[in-house]
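Listed below are the residues making up each chain.
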Amino acid sequence: RHRGNRSPRAPPRPHPRGRAMSGGPGHFPGTASLVEEIDKRLLVVLRDGRKIIGTLRSFDQFSNVVLEGSVERIIVDKRYSDIPLGLYVVR
């Protein structure tokens, strides 16, 4: 009988800091919800108040995003205008 490593059917080991390990390769804690938004149009409000609308093409574990076909939407009262930006990286 082999007494070495656990069998592949064993439950995952707890994280050293007490939290269960989840995900696997490609799992980015804190950004998992962005996976469902790939290839969808998003409105991103930046810290300085600008509003960028574009199609989400990529993101990373730091929530940096790449938007394709982006525009900056400027809203004044009940009117708005879009300024084309193209491919846009938000850090």
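Structural notes, computed from the coordinates.

Reading the values: rules and limits
- Within each chain, residues carry numbers counting from 1 in the order of the written sequence.
- Per-residue local features are limited, in this predicted model, to residues with pLDDT of at least 70; the limit for side-chain atom pairs, both in listing and counting, is 80 or more; totals at the level of whole chains, interfaces and linings are taken over all residues.
- Processing note: side-chain calculations cover all non-hydrogen atoms of the structure and skip hydrogens and water entirely.
- Going along the chain from the N terminus, every DSSP run of H or I of four or more residues is numbered as a helix, and every run of E of two or more is numbered as a strand.
- In this description, contact between two residues means that some pair of their heavy atoms is separated by no more than 4.5 Å.
- Accessible areas in this description were obtained via Shrake-Rupley with a 1.4 Å probe; residue shielding takes into account the shown protein chains only.
- To define a nonpolar core, start from buried Ala, Val, Leu, Ile, Met, Phe, Trp, Tyr and Cys residues and group those joined through side-chain atoms within 4.5 Å.
- The buried label goes to any residue with under 20% of its type's maximum accessible area, the exposed label to any with over 50%, and the partly exposed label to all in between, with areas taken from a 1.4 Å probe on protein chains only.
- Should DSSP find at least two bridges between two strands, the strands are taken to pair.
- All axes here are fitted lines through C-alpha atoms, helices being fitted over the stretch that makes contact, and every angle between N-to-C directions spans 0 to 180 degrees.

1. Some thoughts on the overall build of the protein
What the protein contains, in helices and strands, is zero helices and four strands. Scanning the protein from its N terminus toward the C terminus, one meets helices and strands in the order β-β-β-β. When contacts within the protein are restricted to residue pairs at least 6 apart in sequence, long-range pairs at least 24 apart make up 20% of them. Accessible surface computed for the protein: about 7800 Å², of which carbon and sulfur atoms make up 53%.

2. Things to note about the nonpolar core
Counting residues in hydrophobic clusters, the biggest one holds 10 residues: Leu34, Leu42, Val44, Leu46, Ile52, Leu56, Phe59, Val65, Leu67 and Val90. Counting residues per element, the ones that place at least two in this core are β1 (41-45), β2 (51-59) and β3 (65-76). Among the elements that line this core, the one with the most residues is β2, at three residues. If we ignore the near neighbours within four places in the chain, the residues touching Val44 are Arg50, Lys51, Ile52 and Leu67.

3. Considerations on the sheet that holds β3
Here four strands make up an open sheet; going across it, the order is β1-β2-β3-β4 and the pairing antiparallel. A strand with exactly one partner marks an edge of an open sheet, and here the two such strands are β1 and β4 (79-90). This sheet shows a mean twist of 30° between the axes of neighbouring strands, independent of strand direction. Pairing of β2 with β3 involves seven bridges; the strand directions are antiparallel.

4. A look at the pairing of β3
Turn length for the β2-β3 hairpin, with the two strands adjacent in sequence and antiparallel, is five residues, and the turn residue Ser63 shows positive phi of about 70°. Linking β3 back to β4 in an antiparallel pair, the connection comprises two residues, with Asp77 at a positive phi of about 55°.

5. Quick look at the environment of Glu72
Tracing the sequence through the fold places Glu72 in strand β3. Classification of Glu72 as buried rests on a relative accessible area of 16%. Residues Glu72 and Gly86, spaced 14 residues apart in sequence, show a C-alpha to C-alpha distance of 9.8 Å. With near-sequence residues (within four places) excluded, Glu72 lies in contact with Arg50, Lys51, Ile52, Ser81, Asp82, Ile83 and Leu85.

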